[in-house]
2 protein chains.
Amino acid sequence: MDNTRDRILQAAFEEFYRNGFQGGSLNHIAEKSGATKGALFHYFKSKAELGYAIVEEVIQPSGNPRWIDPLKEAGDPIETLKAMFRRNIREDLASTEMVSQGCPLNNLAQEMSPLDEEFRMRIKRSYERQRKAIVDALESGKQRGKVKKSVATKEVAALIVACQMGIWGTMRNTRDAQLMIQSGEALCRFLDTLKP
Amino acid sequence: MDNTRDRILQAAFEEFYRNGFQGGSLNHIAEKSGATKGALFHYFKSKAELGYAIVEEVIQPSGNPRWIDPLKEAGDPIETLKAMFRRNIREDLASTEMVSQGCPLNNLAQEMSPLDEEFRMRIKRSYERQRKAIVDALESGKQRGKVKKSVATKEVAALIVACQMGIWGTMRNTRDAQLMIQSGEALCRFLDTLKP
DNA sequence: CTGAAGATACCGACTGGTCGGTATGCTGTC
DNA sequence: GACAGCATACCGACCAGTCGGTATCTTCAG
């Protein structure tokens, strides 16, 4: 519908993904999107507002099919989690950009959380949704005898999300596929210990 | 010994810790350290060189007593790892700056790895040393019957370091002590599963 | 069907300020 | 007088953001 706005959003996402939010330039974004500074500030009243829009309109929607939706299927949550991690690791290792740039949400989280409360809260909500999806899947798995009753689901979900951030963060620094696969497999073995 | 240089290093560490490397200003650093830009460029020929010096002369040395040295004691490596994590979590939760700013090495790793190969390699080496220390401790634990022989030590070390990055990264975004303790405890339970 | 009125969607030159970096000068010590 | 250890003044590039203006589309009265 709103073509210019969408082009700006997409160009801004790429610019910030590559250079960070602080390092990203609105001039570059205008240039790359084919729009002008005037158009940019017509749709977003500040650089920060543009950043918020990227979190909510670009990054979050793109994360759902990878990290949230798979958990809704009613099979074995542990096997689902393992498959989800293995698939996302495999997918991202195939993308040279992902290997060197890591996870866009995590990047913004690390860069902007201490600097801008609005960023922090929006990103926090995003991770909370993911943790909640994991807790729900594990709890429902308990009911169906797929997960040990003694598992502290909140703790486990916190650890899994932390692992995810850490694994993708490690990839960004090391660019070592082996290391990413290794830590993914170790996580899978941890998940196995949660089975009855 | 070299007092002005040290003051610049310390001020630069704080500036970059708070604002990121790209966001940090050499003017602020000169001002805060009481030195001038002339002095700054006398000791460091560029902003990048100043950053490298911080990694190797400020951040890395400060990480050793927290993350490497404890692993050298010859007791039970799993209990040592658990105690190390619990202690570092407790310590950092007590520091409001750590809670909101996270781990300085991880911050630089995330921000600078894709932008500067020199940064990336220096930081990579730092994390490799940590992984190696964990592998060595676990292997030596195997020998002494403290760790299951079947444990894939490289994989586990990769996961532990990733967890560490993720837990501290999560803290930076959420500022939620509970969440940090929860994921720490979940990690401890995972470590317990490595015991014979 | 016409046309005035207003809203929306841009355009791009411009501004004040900050940035990393440099050129040059001064000062004390050996 | 040579040289380390600064200090000061300054540079061009770049930055986020502004502003006066225009072109086009929507609305609605006559």
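Here, the structure is the one placed above.
The numbers attached to residues start from 1 for each chain and follow its sequence in the written order. Written order decides the labels, with chains lettered from A and ligands numbered from 1. Selection of residues for local features in this predicted model requires a pLDDT of at least 70, selection of side-chain atom pairs for listing and counting requires 80 or more, and totals for whole chains, interfaces and linings are taken over all residues. Only hydrogens and water are set aside when side-chain values are computed; all heavy atoms of the structure are taken into account.

K.L.:
Let's hear about the layout of surface pockets: which residues, and what values?
P.N.:
A probe matching the size of a water molecule, rolled over the atoms, marks out where space remains unfilled. Residue and element names in this part refer to chain A. In this analysis the probe radius is 1.4 Å and the grid spacing 1 Å, with only protein atoms considered; a cavity is a set of points the probe fits into but cannot get out of, a pocket is an open set with protein on both sides within 12 Å along at least five of seven lines, and lining residues have an atom within 4 Å of a point. Grid points are joined across faces, edges and corners, and a volume is the space filled by probe spheres set on the points. Empty space within the largest pocket amounts to approximately 410 Å³. The wall of the largest pocket is formed by 24 residues, among which Ile-59, Ser-62, Gly-63, Trp-67 and Cys-103 lie closest to the centre. Each helix is a run of DSSP H or I of at least 4 residues and each strand a run of E of at least 2, with the numbering of both proceeding from the N terminus. Counting residues per element, the ones that place at least two in the lining of the largest pocket are helix 1 (3–19), helix 4 (47–67), helix 6 (96–101), helix 7 (104–112), helix 8 (117–143) and helix 9 (153–174). With eight residues, the top contributor of residues to the lining of the largest pocket is helix 4. When residues are grouped by polarity, Ala, Val, Leu, Ile, Met, Phe, Trp, Tyr, Cys and Pro land in nonpolar, Asp, Glu, Lys and Arg in charged, and all others, Gly among them, in polar. Residues that form the lining of the largest pocket fall into these classes: 12 nonpolar, eight polar and four charged.

K.L.:
I'd love a proper account of the relation of the copies chain B and chain A, names of residues and values included.
P.N.:
Expressed as a screw transformation, the operator carrying chain B onto chain A has a rotation angle of 180° and an axial translation of 0.0 Å, and the superposed copies differ by an RMSD of 0.1 Å. Such a combination of rotation and displacement between the chain copies is what one expects of a two-fold axis. Relative to the rotation axis, the closest C-alpha in chain B is found at Gly-166 of chain B, a distance of 2.0 Å. Note on contacts: a residue pair is in contact if any heavy atoms of the two residues lie within 4.5 Å. Residue by residue, 100% of the interface of chain B is reproduced at the interface of chain A, so both copies engage with the same surface. For this overlay, a least-squares fit was computed on C-alpha atoms, restricted to residues scoring pLDDT of at least 70 in both copies.

K.L.:
Help me get a handle on the nonpolar core, residues and values and all.
P.N.:
To define a nonpolar core, start from buried Ala, Val, Leu, Ile, Met, Phe, Trp, Tyr and Cys residues and group those joined through side-chain atoms within 4.5 Å. Each residue is placed in one exposure class: buried if its accessible area under a 1.4 Å probe, protein chains only, is under 20% of its type's maximum, exposed if it is over 50%, and partly exposed if it falls in between. In terms of nonpolar packing, the biggest core is built from 128 residues, with Leu-50 of chain A together with Leu-50 of chain B touching the most fellow members. Not counting residues up to four positions away in its chain, the partners in contact with Leu-50 of chain A are Ile-8, Leu-9, Ala-12, Phe-16, Leu-26, Ile-29, Leu-40 and Phe-44 of chain A.

K.L.:
How would you explain the protein's contact with DNA strand C if you had to name every residue and give the values?
P.N.:
Working definition: residue near molecule or strand if any one of its non-hydrogen atoms lies within 4 Å of it. In the vicinity of DNA strand C, 15 residues are found, and the nearest of them are Tyr-43 of chain A together with Gly-24, Leu-26, Lys-37 and Lys-47 of chain B. By atom count, sugar and phosphate contribute 57% of the portion of DNA strand C lying within 4 Å of the protein. The separation between a base oxygen of DNA strand C and a polar side-chain atom of Lys-37 of chain B is 2.8 Å. Take Lys-47 of chain B: an N or O atom from its main chain is 2.8 Å from a phosphate oxygen of DNA strand C. For the surface near DNA strand C, the element with the highest residue contribution is helix 3 (residues 37–43) of chain A, accounting for four residues. Classifying every residue of the surface near DNA strand C gives four nonpolar, nine polar and two charged. Counting of polar contacts relies on pairs of N or O atoms within 3.5 Å, with two restrictions inside protein: one atom must be capable of donating a hydrogen and the other of accepting it, and residues adjacent in sequence are counted only when both atoms are side-chain atoms.

K.L.:
Go over the interface of chain B and chain A with me, naming the residues and quoting the values.
P.N.:
Every contact between the two is made by 46 residues of chain B and, on the other side, 46 residues of chain A. Buried area is understood as the total, over both parts, of accessible area removed when two parts are fitted together, assessed with a 1.4 Å probe. Taken over both partners, the interface formed by chain B and chain A buries close to 3700 Å², and the fraction arising from carbon and sulfur atoms is 56%. Looking at the side of chain B facing chain A, the largest losses of area belong to Gln-110, Glu-155 and Asn-173 of chain B, adding up to 19% of the total buried there. Think of a salt bridge as a Lys or Arg side-chain nitrogen and an Asp or Glu carboxyl oxygen that are within 4 Å of each other. For the interface between chain B and chain A, the tally reads two salt bridges. Elements with a minimum of two residues in the side of chain B that touches chain A: helix 1 (3–19), helix 6 (96–101), helix 7 (104–112), helix 8 (117–143), helix 9 (153–174) and helix 10 (177–192) of chain B. Per-element tally for the side of chain B that touches chain A: the top contributor is helix 9 of chain B, with 15 residues. Class assignment of the residues belonging to the side of chain B that touches chain A gives a composition of 17 nonpolar, 17 polar and 12 charged.

K.L.:
So what about the protein's contact with DNA strand D? Which residues, and what values?
P.N.:
If you check the shell around DNA strand D, you find 16 residues, and the closest are Gly-24, Lys-37 and Lys-47 of chain A together with Thr-36 and Tyr-43 of chain B. A breakdown of the atoms of DNA strand D within 4 Å of the protein gives sugar and phosphate a share of 59%. Tallying contributions element by element places helix 3 (residues 37–43) of chain B first for the surface near DNA strand D, with four residues. Taken together, the residues of the surface near DNA strand D sort by class into five nonpolar, nine polar and two charged.

K.L.:
Now, about helix 5 (residues 77–93) of chain B: what can you tell me, with residues and values included?
P.N.:
All names here are of chain B. The first and last C-alpha atoms of helix 5 sit 24 Å apart over 17 residues, in line with the 24 Å expected at 1.5 Å per residue. For helix 5, the full list of buried residues reads Pro-77, Ile-78, Thr-80, Leu-81, Lys-82, Met-84, Phe-85, Asn-88, Ile-89 and Asp-92. Buried residues along helix 5 sit against helix 4 (47–67), helix 6, helix 8, helix 9 and helix 10. Of the residues flanking the start of helix 5, the one acting as N-cap is Asp-76, its side-chain oxygen 2.9 Å from the backbone nitrogen of Ile-78. For a helix, the expected span equals 1.5 Å multiplied by the residue count minus one.

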